[in-house]
Amino acid sequence: MSVRIVTDSAADFTKREIAELDIRVIPLRTIFGDREYLDGVELSQDELFEKITETGEIPSTSQVTPGEFAAAFDEYDEGDQILCLTMSSKLSGTNQSATMAAQGRDNVTVYDTLNVTVGQRLQVELALKLAQEGKDVSEIVAALDEARSREHLVAV
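Residues numbered from 1 in each chain as written. Predicted model: local features only at pLDDT ≥ 70, side-chain atom pairs only at ≥ 80, totals over all residues. Heavy atoms only, no water.

S.K.: Help me get a handle on the overall build of the chain, residues and values and all.
M.R.: For the chain, the count of helices and strands is 6 helices and 7 strands. In sequence order, the secondary structure elements of the chain are arranged as β-α-β-β-β-α-β-α-β-α-β-α-α. At 16 Å, the chain has a C-alpha radius of gyration in line with the 15 Å of a compact globule built from 156 residues. Taken over the C-alpha atoms alone, the chain extends approximately 50 × 30 × 30 Å along its principal axes. When each of the 156 residues of the chain is scored for burial, the buried share is 43%. Relative to all contacts within the chain whose residues are 6 or more apart in sequence, the contacts with residues 24 or more apart total 68%. (Helix = DSSP H or I, 4+ residues; strand = E, 2+ residues; numbered from the N terminus. Rg over C-alpha atoms; globule rule 2.2 N^0.38 Å. Buried < 20%, exposed > 50% of the residue type's maximum accessible area, 1.4 Å probe, protein only. Contact = heavy atoms within 4.5 Å.)

Right, here's the structure in full:
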């Protein structure tokens, strides 16, 4: 039984890293005016910062939907254990969407990183490392709880 890792694009992995790490990253939506982009798919981080600089506009975002999480969960075999690490529930409804999609799926565990960007990414990387070492989801979650208690995000 394999542990598969799913996260949202707030963890800031590049396309190359996603392919190399064999994780599933579901994009949030970045909205500039009336135009919507899939984060990391239709708009890279560099392009995002260029747009902010050019327009002076701070974009808004839209959370991942329960249907998008459900579709991602369906990509895996029923025998796989899926650990879905989301951006902080204090910043977005994305965790709630993942939780809704996981209902009735015994093989899916949703984990609230209580973080975003670098902090979320560090937790995803830890989960991947532990999964590769053969740890099960409960062991990974215990390690994530301990690591999360030591993380502090400062944003400017």
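S.K.: Tell me about the environment of Arg 35, and name the residues and values.
M.R.: Structurally, Arg 35 is set in strand S4 (residues 35-38). C-alpha of Arg 35 to C-alpha of Pro 59: the two residues are 24 residues apart in sequence and 10.0 Å apart in space. Separated by 3.3 Å, the side chains of Arg 35 and Tyr 37 make a polar contact. (Polar contact = N/O pair within 3.5 Å; in protein donor to acceptor, adjacent residues only side chain to side chain.)

S.K.: Give a description of the packing of aromatic side chains that names residues and reports values.
M.R.: Tallied over the full model, the rule gives 2 aromatic pairs. Judged by centre distance (6.5 Å) and plane angle (75°), the rings of Phe 32 and Tyr 37 are edge-to-face. Here the two residues Phe 32 and Tyr 37 agree in accessibility, since each one is buried. If you follow Lys 51 out to its NZ or CZ, it ends over the ring of Phe 32, 5.6 Å from the centre. (Phe/Tyr/Trp six-rings, centres within 6.5 Å; stacked < 30°, edge-to-face > 60°. Lys NZ or Arg CZ within 6 Å of the ring centre and 35° of its normal.)

S.K.: Break down the packing of helix H5 (residues 118-132) against helix H6 (residues 137-148) for me, with residues and values.
M.R.: Remark: H5 packs on H6, axes separated minimally by 10 Å, with the N-to-C direction vectors making an angle of 150°. Every pair of crossing elements has a handedness; the one defined by H5 and H6 is right-handed. Here Gln 123, Leu 126, Ala 127, Leu 130 and Ala 131 of H5 come into contact with H6, specifically with Ile 140, Ala 143, Leu 144, Ala 147 and Arg 148. In terms of residue class, the contact of H5 with H6 is made up of 8 nonpolar, 1 polar and 1 charged. (Axes fitted to C-alpha atoms, helices over the stretch in contact; angles between N-to-C directions. Left-handed = near helix turned anticlockwise from the far one by under 90°. Nonpolar A, V, L, I, M, F, W, Y, C, P; charged D, E, K, R; others polar.)

S.K.: Any chance you could break down the sheet that holds strand S3 (residues 29-32) for me, citing the residues and the numbers?
M.R.: One open sheet holds the 3 strands; their spatial order is S4-S3-S5, and the pairing between them is antiparallel. The open sheet terminates on both sides in strands that have one partner only, identified here as S4 and strand S5 (60-62). Sheet twist, expressed as the average angle between the axes of neighbouring strands with direction ignored, equals 30°. Where S3 meets S4, 4 bridges bridge the pair, whose relative direction is antiparallel. By the bridge assignment, Phe 32 is partnered in S4 with Arg 35. Here helix H2 (residues 45-55) sits on the sheet in contact with S3 and S4, set at roughly 15° to S3. (Pairing = 2+ DSSP bridges.)

S.K.: Help me get a handle on the sheet that holds strand S7 (residues 108-112), residues and values and all.
M.R.: A sheet is described by the order of its strands in space; here 4 strands give the open sequence S2-S1-S6-S7, paired in parallel fashion. Either end of the sheet is taken by a strand with one partner, and the two such strands are strand S2 (24-26) and S7. Each strand axis lies, on average, 20° off the axis of its neighbour in the sheet, ignoring direction. Judged from the 5 bridges that link them, strand S6 (residues 81-86) and S7 form a sheet pairing that is parallel. For Cys 84, the partnering residue across the bridge sits in S7 and is Val 110. Its contacts with the sheet put helix H4 (residues 94-102) on strand S1 (3-8), S6 and S7, and the angle it makes with S7 is roughly 165°.

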